[in-house]
Amino acid sequence: MRKGVIRPGHIQLRVMDMDAALAHYRDLLGMIEVERDESGRVYLKGWTEVDCFSLVLRETDSAGMDFVGYKCLDSATVGTLKRELIEFGCNVEEIPAGELKGCGARVRFDSPTGHIFELYAEKEQTGKWGINNTNPEAWPRGLKGMRVLRFDHCLLYGPNIAGSIDLFCKILGFDMAEQVVNSAGGRLSGFLSLGMKAHDVAFIEHPEPGKLHHAAFFLESWDDVLRAADLISMTDTSLDLGPTRHGLTHGKTIYFFDPSGNRSEVFANGDYHYPDHPTVTWTEDALGKAVFYHDRVLNEAFLTVLT
């Protein structure tokens, strides 16, 4: 049931060297640096994104994710969901407008898997980078690197994914698009969608709370994924896996690491999901094919290296 949460809006990542991080996210992925604030955070966006930012980098002494924010239909929706989050048992905090530059007031809350999330209704819209809203060209000149279009989703590891999935589906209105189950029918992972995308967030069961597996950014085509692979090699960037295809979501993908150890994904294509679609289920005995459709073999580092 739709609850007024529209889409992913932003993610804040911790990095240990800002200059090195910008070489990764700005120069290699091709995101646009748009702002810096008084605390030293750097704001970036993909060139197709209408909002003023979607990625915030914060320099600190450990890598990982601080929070993910989701855009809501309006302030009334945020207020309603705040009350429901409190009733669900979340710890809820109000963040004032302007704490993130260009973003309105946010409602921040925790989750059973130990991750922090936010809801908000207002963010400055600066438009697609280099493209007018009237008679727009196909793409702007001057793009760098992989030319990512947008921040798309994140994959999160933690305990009690059943609790976080209940939170996202029952309170926030996400749908279960795909899942992996064990032989007893227990859920090992859940891929959740707000609408047509294969997933907007995913959870995998893991004993340590609050872990980030990857932040994912969207490309237009398989050719762009192959070009990204070339750029990874040309820049001696630490490659994790790919290019390949997933069984889950059928996205065409490649994984690699930023200099702090946060895993990045760029991908193209993949399945779509409507609210009336049934959940696609993968069984644990087919997990190799679900994750790496071509190799059909699990890579231990891919499953266990987290920030």
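The structure under discussion appears in the preceding block.
Conventions used here
Residues numbered from 1 in each chain as written. Predicted model: local features only at pLDDT ≥ 70, side-chain atom pairs only at ≥ 80, totals over all residues. Heavy atoms only, no water. Salt bridge = Lys/Arg side-chain N within 4 Å of Asp/Glu carboxyl O. Helix = DSSP H or I, 4+ residues; strand = E, 2+ residues; numbered from the N terminus. Buried < 20%, exposed > 50% of the residue type's maximum accessible area, 1.4 Å probe, protein only. Pairing = 2+ DSSP bridges. Axes fitted to C-alpha atoms, helices over the stretch in contact; angles between N-to-C directions. Contact = heavy atoms within 4.5 Å. Patch = residues over 30% accessible without salt bridge, like charges linked within 9 Å, V, L, I, M, F, W, Y side chains within 5 Å. Areas by Shrake-Rupley, 256 points an atom, 1.4 Å probe, with all protein chains shown as cover. 1 Å grid on protein atoms, 1.4 Å probe; cavity = no way out; pocket = protein on both sides within 12 Å on 5 of 7 lines; lining within 4 Å. Points joined across faces, edges and corners; volume = space filled by probe spheres on them. Nonpolar A, V, L, I, M, F, W, Y, C, P; charged D, E, K, R; others polar. Core = buried A, V, L, I, M, F, W, Y, C linked by side-chain atoms within 4.5 Å.

A.B. asks: Can you help me understand the pattern of salt bridges in this one?
C.D. replies: Close approach of charged atoms allows side chains with opposite charge to pair. Under the criterion given, the structure shown has 21 salt bridges. Close ionic contact of aspartate 66 with arginine 14 constitutes a salt bridge, the shortest N to O distance being 3.0 Å. Of this pair, aspartate 66 sits in strand E5 (residues 64-72) while arginine 14 sits in strand E1 (residues 5-15); the two residues are 52 residues apart in sequence, bridging distant segments of the chain. Across this residue pair, the class does not change: aspartate 66 and arginine 14 are buried. Residues lysine 197 and aspartate 200 are paired through a salt bridge, measuring 2.6 Å at the closest nitrogen-oxygen approach. Its relative accessible area of 4% is what places aspartate 200 among the buried residues.

A.B. asks: Looking at this model, I keep getting lost on the sheet that holds strand E7 (residues 106-109). Mind explaining?
C.D. replies: Sheet strands associate in pairs through backbone hydrogen bonding, adopting either a parallel or an antiparallel arrangement. Pairing in this open sheet of 8 strands is mixed, and the strands run E2-E3-E4-E1-E5-E8-E7-E6 from one edge to the other. Edge positions in the sheet fall to strand E2 (32-36) and strand E6 (92-95), since each has one partner strand and no second. Here the strands of the sheet are splayed against their neighbours by 25 degrees on average, with no regard to which way each runs. Contacts from helix H1 (residues 18-28) reach E1, E2, strand E3 (42-45) and strand E4 (55-59) within the one sheet, and its direction differs from that of E4 by about 160 degrees.

A.B. asks: I tried to follow a nonpolar patch on the surface on my own but got confused; where do I start?
C.D. replies: A contiguous nonpolar patch, built from Met196, Tyr272 and Tyr274 and spanning about 340 Å² of accessible area, is present on the exposed surface. Relative to the helices and strands, tyrosine 274 resides in the loop between strand E16 (263-268) and strand E17 (280-283). Owing to a relative accessible area of 35%, tyrosine 274 belongs among the partly exposed residues under this scheme.

A.B. asks: I tried to follow H1 on my own but got confused; where do I start?
C.D. replies: Given 3.6 residues per helical turn, the α-helix brings residues three or four places apart onto the same face. All buried positions along H1 are accounted for by Met18, Ala21, Leu22, His24, Tyr25 and Leu28. A positive backbone phi angle near 90 degrees is found at glycine 30, which sits one or two residues after H1.

A.B. asks: Before we go on, may I ask you to explain the sheet that holds strand E9 (residues 150-158) in this structure?
C.D. replies: Here 9 strands make up an open sheet; going across it, the order is E14-E15-E16-E13-E9-E12-E11-E10-E17 and the pairing mixed. Strands at the two margins of the open sheet, each flanked by one partner only, are strand E14 (239-245) and E17. Between one strand axis and the next, the sheet turns by 15 degrees as a mean value, whatever way the strands run. Bridge count between E9 and strand E12 (residues 201-205): 4 bridges; the pairing is parallel. Across the sheet, glycine 158 pairs through a bridge with glutamate 205, a residue of E12. Its contacts with the sheet put helix H3 (residues 161-171) on E9, strand E10 (175-181), strand E11 (187-193) and E12, and the angle it makes with E11 is roughly 20 degrees. Against the sheet, helix H4 (residues 222-234) makes contact with E14, strand E15 (252-257) and E16, and its axis sits at roughly 20 degrees relative to E15, the strand it touches most.

A.B. asks: Would you mind going over the layout of surface pockets with me for this structure?
C.D. replies: Rolled over the atoms, a probe with the dimensions of a water molecule shows which regions are left empty. The volume enclosed by the largest pocket comes to roughly 580 Å³. Leu155, Phe191, His199, Ala202 and Leu248 are, among the 34 residues lining the largest pocket, the residues nearest its centre. Looking at the lining of the largest pocket, the elements with two or more residues in it are E9, E11, E12, strand E13 (211-218), E16, helix H5 (287-291) and helix H6 (300-304). Per-element accounting of the lining of the largest pocket gives the leading share, 5 residues, to E9. Looking at the lining of the largest pocket, its residues break down into 17 nonpolar, 11 polar and 6 charged. As a volume, the second largest pocket reaches approximately 250 Å³. Around the second largest pocket sit Arg7, Pro8, Gly9, Thr48, Glu49, Val50, Asp51, Phe53, Ser54, Arg150, Phe151 and Lys197, which together line it.

A.B. asks: Please explain the nonpolar core as it appears in this structure.
C.D. replies: Nonpolar side chains in soluble globular proteins tend to be buried together. Ranked by size, the top nonpolar core spans 58 residues in total, and within it Leu57, Tyr70, Met146, Phe168 and Leu172 carry the most contacts. Those residues in contact with leucine 57 that sit more than four places away from it in its chain are Leu13, Val15, Met18, Ala21, Leu22, Tyr25, Gly40, Arg41, Val42 and Leu44. Of all hydrophobic cores here, the second largest spans 15 residues; its members include Val180, Ala202, Leu241 and Val291.

A.B. asks: For this particular structure, what's the right way to read the environment of glutamate 94?
C.D. replies: Tracing the backbone through its elements, the reader meets glutamate 94 in strand E6. What makes glutamate 94 exposed here is its relative accessible area of 53%. It is 9.4 Å that separates the C-alpha atoms of glutamate 94 and lysine 82, two residues lying 12 residues apart in sequence. In this structure glutamate 94 touches Lys82 and Arg106, once residues within four positions along its chain are discounted.

Note that all results are geometric; they support no functional claim without further evidence.
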